[in-house]
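Summary of the model geometry
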Amino acid sequence: MVNLWLALLCALLALWIALVKSRTWERRQRVLTRMNEGDKAGRDEENRNLLLASLSRRLTSSAFVSDDYDEIYTALKLTGRSAERIQVIYLLSCWVLPVVLLVLGILAAGLGGAIVLGALGFIMPRRYIRAVADRARYRQNLEAIELAQVMRMLLEAGLSIERGFRIAALQARPLIPTLAYRLDRFNRLMDSGADRGAALDDIGDDKTVPVLHNLTRLLKQAGSLGGGAADSIEQIILEGQDVERSRIKEQVNKIGVKMTIIMMAIMLPALFIIIGGPAGISIMEALTR
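Now for a look at the structure at hand. This one's a predicted model, so the numbers in the text were calculated from it and none came from an experiment. (Residues numbered from 1 in each chain as written. Predicted model: local features only at pLDDT ≥ 70, side-chain atom pairs only at ≥ 80, totals over all residues. Heavy atoms only, no water.)

It is worth spelling out the nonpolar core at this point. Counting 43 residues, the largest nonpolar core has Leu 147, Phe 165, Leu 183, Phe 186, Leu 219 and Ile 233 as its most contacted members. Every element with two or more residues in this core is listed here: helix H2 (66-77), helix H3 (83-156), helix H4 (161-171), helix H5 (180-191), helix H6 (196-203), helix H7 (210-225) and helix H8 (230-288). A total of 13 residues in this core trace back to one element, the largest contributor, which is H3. Each residue touching Phe 186, except ones within four places of it in the same chain, is listed here: Glu 162, Phe 165, Arg 196, Ala 199, Leu 200 and Ile 203. (Core = buried A, V, L, I, M, F, W, Y, C linked by side-chain atoms within 4.5 Å. Buried < 20%, exposed > 50% of the residue type's maximum accessible area, 1.4 Å probe, protein only. Helix = DSSP H or I, 4+ residues; strand = E, 2+ residues; numbered from the N terminus. Contact = heavy atoms within 4.5 Å.)

A word on the packing of aromatic side chains. Evaluation of the coordinates by the stated rule reveals four aromatic pairs. Consider the rings of Tyr 69 and Tyr 73, whose centres lie 5.9 Å apart with planes at 40°: the pair is tilted. In this pair, Tyr 69 and Tyr 73 are both assigned in helix H2, four residues apart and thus about one turn of the helix distant. When the centroid spacing of 4.5 Å and the interplanar angle of 40° are considered together, the rings of Phe 165 and Phe 186 count as tilted. You can see Phe 165 sitting in helix H4 and its partner Phe 186 sitting in helix H5, a full 21 residues away along the chain. Residue Phe 165 is classed as buried on the basis of its relative accessible area of 1%. A network of ring pairs unites the aromatic residues Tyr 69, Tyr 73 and Tyr 90 as a single cluster. One residue, Arg 126, lies across the ring of Trp 95, its end atom 5.9 Å from the ring centre. In this structure, Arg 126 packs its charged tip against the face of Phe 122, placed 3.8 Å from the ring centre. (Phe/Tyr/Trp six-rings, centres within 6.5 Å; stacked < 30°, edge-to-face > 60°. Lys NZ or Arg CZ within 6 Å of the ring centre and 35° of its normal.)

The subject of this paragraph is the pattern of salt bridges. Per the counting criterion, the structure on display carries 16 salt bridges. Ionic pairing is found between Asp 205 and Lys 77, a salt bridge with its closest N-O pair at 4.0 Å. With Asp 205 in the loop between H6 and H7 and Lys 77 in helix H2, this pair connects stretches of sequence that are 128 residues apart. Under the relative-accessibility criterion, Asp 205 is labelled partly exposed at 42%. The class for Lys 77 is partly exposed, based on a relative accessible area of 39%. For the salt bridge of Asp 242 with Arg 245, the shortest nitrogen-to-oxygen distance reads 2.7 Å. Note that Asp 242 and Arg 245 are positioned in helix H8 at a spacing of three residues, about one turn of the helix. By relative accessible area, which is 43% here, Arg 245 ends up partly exposed. The network of salt bridges with common partners includes Arg 152, Glu 156 and Glu 234. (Salt bridge = Lys/Arg side-chain N within 4 Å of Asp/Glu carboxyl O.)

Listed below in C-alpha cells is the structure:
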C-alpha cells in the first residue's frame, strides 16, 4: 500500500514537472541561448570594428595621405563624429569606394570607363564631405546665436557658466540640434574635472564658427576676470545677426542676377517671336508678291 501511494506521488510530481516546470525551463533556455548568441554577435561585430579601425588608423597615419586625411578630419569633426568614426568613414568613402568603382569600370567599360569611374569615386566623396561640413558650419553658426541668447538669459538670472551650459544642453536642445554635441562635450569635460577655460577652448576652437568662438572666448575671460558678460554677449548676438543679414542680402542679389540671365535666355526670345513674328510674316508675304 505504501509503495502504491509513493508511486502515485512520483507520478503526480512527474506530471507537474512535465506540465509546469518544463515550460519555465524551456523559456529560460531560450533566453539564455538568445543572450549567448547576442553576446557572440556583439563580439563578432566588435572584432570587425576593431579590424576596420586598425586598418583605417594605419592608413591615416602614413605620410602619403596625412594631408588629405587632415582636411577630411577637420570637415567631419564639425558634425560631431569621433576620431575613430572619422577614420573609418575616410577609409571607406575616400579609398575603398574609388577602388570598387575602378574595378567595376574595368569590368563594364574597359580602361576608359575605369578612369572615369575611378576619378568620380575619388573626387565626389571629398566634395560631398566638404559640402556637409559647410552646411554644418553654417547651421552651427546660426545655432550659436540662439545659444548666446540662452546663455545671456541664464547668466542674467544669476547662474554660473557651468550650470548655464548644463541647462542649455538639456532645455535648449531643440533649438541647437547640430551644436548640442559641443555642449555635451563641455559637460563631460567638466564632470571629469577639467579646467573650465580648457573646456571652453575645446568646444570653441573652430574659428570658422565665429559666433561660438567669440562666445567661448568671452565666457572664458568673464570666468577668469569676473564681471558681467550680458552686454558683451548681446553685442556678439547683434554682430552675428548683422553678418547673417548681410549674407541673406548677398544671396538675394545673386538670385536677381540669375533671374536676369534666365529672362535674357528664355523670355526675351519668346517676346521677340510674339512681338516681331507678325511683322516678319507680313514682310515675307510682301516680298513674295
